Amino acid sequence: MKMFLNCIRRRLQLLGEKLPRYQRNIARYNTSDDSCDKTSLLMQLCADRYYISPEAFHTRTCTYGPLGTELKKNIIEQWTSAVRSRAYVFGITTSVQSRMCEESVRIVNVGDLQEILHQESLSKKEASQKIQTLMKASVSVRTSLLQGALQQYIQALELVNRTLPFGLAETGLCHHSDSQLRHSSGCSFEVTESSLVWFCSPRTSSQWMDYWAHQRLQWWRKFALGPSDFDMCNVVDEELKEGASHGVKVLYKFPWGLETLETLWSLGDTLLLKTHQGTCTKLQCRDGRKSVVPHVISVSANMDRGMLAYLFNSFQLMKKTDNKQKLNQRMVLKLHPTLTPVKVALDMGRGSSSELRQVCEGLFQEFLEAGISTWPGYLDTMSLSLENLHTKYDEMGVLFTVMVSESTLKGGLLLARMCLLGCQICGLLIK
């Protein structure tokens, strides 16, 4: 059994190492299908294969199924690991509720607002007063994670003994307004954002901005099947954030056009001074022999849109001829091995179901103890042909299918198929 687990681990490692070559070769499978049809097919596949909840089609809330939740978690973990790979980057947690400021929105009960508007007996002045009262009683929530990190700056500065550079990283929910979503594919007012706020010397802020912009683009491309669909551009002056001297966007080319996945801002010291008014001396830190107020670089990524980008990037329509020489179209999710939510699907063939299930349950526990995410297909009561089973797991983005059969009971032989490439890779003997 250890040999089998080592084989799976080694295959996962090799897939990650050889992915760039695989990315080049996979282009021959691409089709020129209409982008609208491809979008519809992908959305339906995501609903059928537990990536998104069917209600996501009817609401503005991003609701995920079990596989979508795991995929999003994997993306966030890799993002966090990448930005925290440098020394002096610390994780923080801040409140979703926000002080009323320019970067916050208020959530108002629509029913209460409509009730006021439909009261014909109210004068305009009375209606206005009631609406103002309703607004004051509403909750103010954040639209980004930047403000929370700026508020924790002084405490973090003591932690690093007033030494630059250092960063504060966080992932959390933010609420976007209509104006932020008007030209966006974002499916929700509520989005998951990952943020790094980097504090550095004014002398080196431009170099750090270039460094992080390069690192972020390379990170998005690292896990992509088609890296060229990810690009980067400078923010035009008219779109610069308050206090920003420079901005960079990491973009993805969706079928309907380019969308921003991640934004980097060079903010100088303006927002930091504004957040901590009257405490300039407490903000200062050492830059050689000088005491300076650091410059701020903000990196923020929309993880919901990032997940959507990886789903589109990994979605393939492959043509295959069956035994009757009929051309069929097959949908496959070719997610990066690190990101895919299920590494192994464990199923069983025909035979003594009770004995086969015992073997499957033993294998399932072994996989979980080894940290390999596994789909318990053997628990499914609906019997599928081997071809339909492979189709199902290819659509789920599963890397390996492991079949337990009568051969396993007789001679300890397992059949393992690499779903990513659609081929049988080995028959393995277990003890």
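Residues numbered from 1 in each chain as written. Predicted model: local features only at pLDDT ≥ 70, side-chain atom pairs only at ≥ 80, totals over all residues. Heavy atoms only, no water.

- An unreviewed UniProt entry lists the protein under the name DNA polymerase subunit gamma-2, mitochondrial, with Cyprinus carpio carpio as the source organism.

**Side note on the packing of aromatic side chains**
Thinking step 1. For the structure on display, the rule yields 20 aromatic pairs.
Thinking step 2. Ring centres of W220 and F230 lie 6.2 Å apart, and the angle between their planes is 20 degrees; this geometry places the pair in the stacked category. Taken together, the residues W220 in helix α9 (residues 205–222) and F230 in strand β6 (residues 230–234) connect sequence positions ten residues apart. Here W220 and F230 have matching classes, each one buried.
Thinking step 3. Ring centres 4.7 Å apart and planes at 5 degrees place the aromatic pair F254 and W256 in the stacked group.
Thinking step 4. Of the residues examined, F254 reaches a relative accessible area of 2% and is grouped as buried. (Phe/Tyr/Trp six-rings, centres within 6.5 Å; stacked < 30°, edge-to-face > 60°. Helix = DSSP H or I, 4+ residues; strand = E, 2+ residues; numbered from the N terminus. Buried < 20%, exposed > 50% of the residue type's maximum accessible area, 1.4 Å probe, protein only.)

**Brief notes about empty space enclosed by the protein**
Thinking step 1. Counted according to the given criterion, the structure contains one cavity of 30 Å³ or more.
Thinking step 2. Classifying every residue of the lining of the largest cavity by side-chain character gives six nonpolar, three polar and one charged. (1 Å grid on protein atoms, 1.4 Å probe; cavity = no way out; pocket = protein on both sides within 12 Å on 5 of 7 lines; lining within 4 Å. Points joined across faces, edges and corners; volume = space filled by probe spheres on them. Nonpolar A, V, L, I, M, F, W, Y, C, P; charged D, E, K, R; others polar.)

**As for the side chain of E170**
Thinking step 1. With respect to the helices and strands, the residue E170 is situated in strand β4 (residues 166–175).
Thinking step 2. Classification of E170 by relative accessible area gives buried; the value is 7%.
Thinking step 3. Those residues in contact with E170 that sit more than four places away from it in its chain are I92, T93, T94, R142, L145, E193, S194 and S195. (Contact = heavy atoms within 4.5 Å.)

**What to know about the state of the cysteines**
Thinking step 1. The full count for this structure, using the stated rule, is zero disulfides.
Thinking step 2. Looking at C285, it has no disulfide partner, and the nearest cysteine sulfur is the one in C200, 9.6 Å off. (Disulfide = S-S within 2.5 Å.)

**A few points about the pattern of salt bridges**
Thinking step 1. What the rule picks out here adds up to 15 salt bridges.
Thinking step 2. Measuring nitrogen to oxygen at the nearest pair gives 3.1 Å for the salt bridge that ties K249 to E239. Here K249, found in strand β7 (residues 246–254), pairs with E239, found in the loop between β6 and β7; they are ten residues apart in sequence, far enough to count as distant.
Thinking step 3. E259 is paired through a salt bridge with R305; the nearest N and O atoms lie 3.9 Å apart. Of this pair, E259 sits in strand β8 (residues 257–268) while R305 is found in helix α12 (residues 303–314), placing the two residues 46 residues apart along the sequence. The burial state of E259 is the same as that of R305; both residues are buried.
Thinking step 4. Members of the salt-bridge network, linked through shared partners, are R330, E387, D394 and R417. (Salt bridge = Lys/Arg side-chain N within 4 Å of Asp/Glu carboxyl O.)

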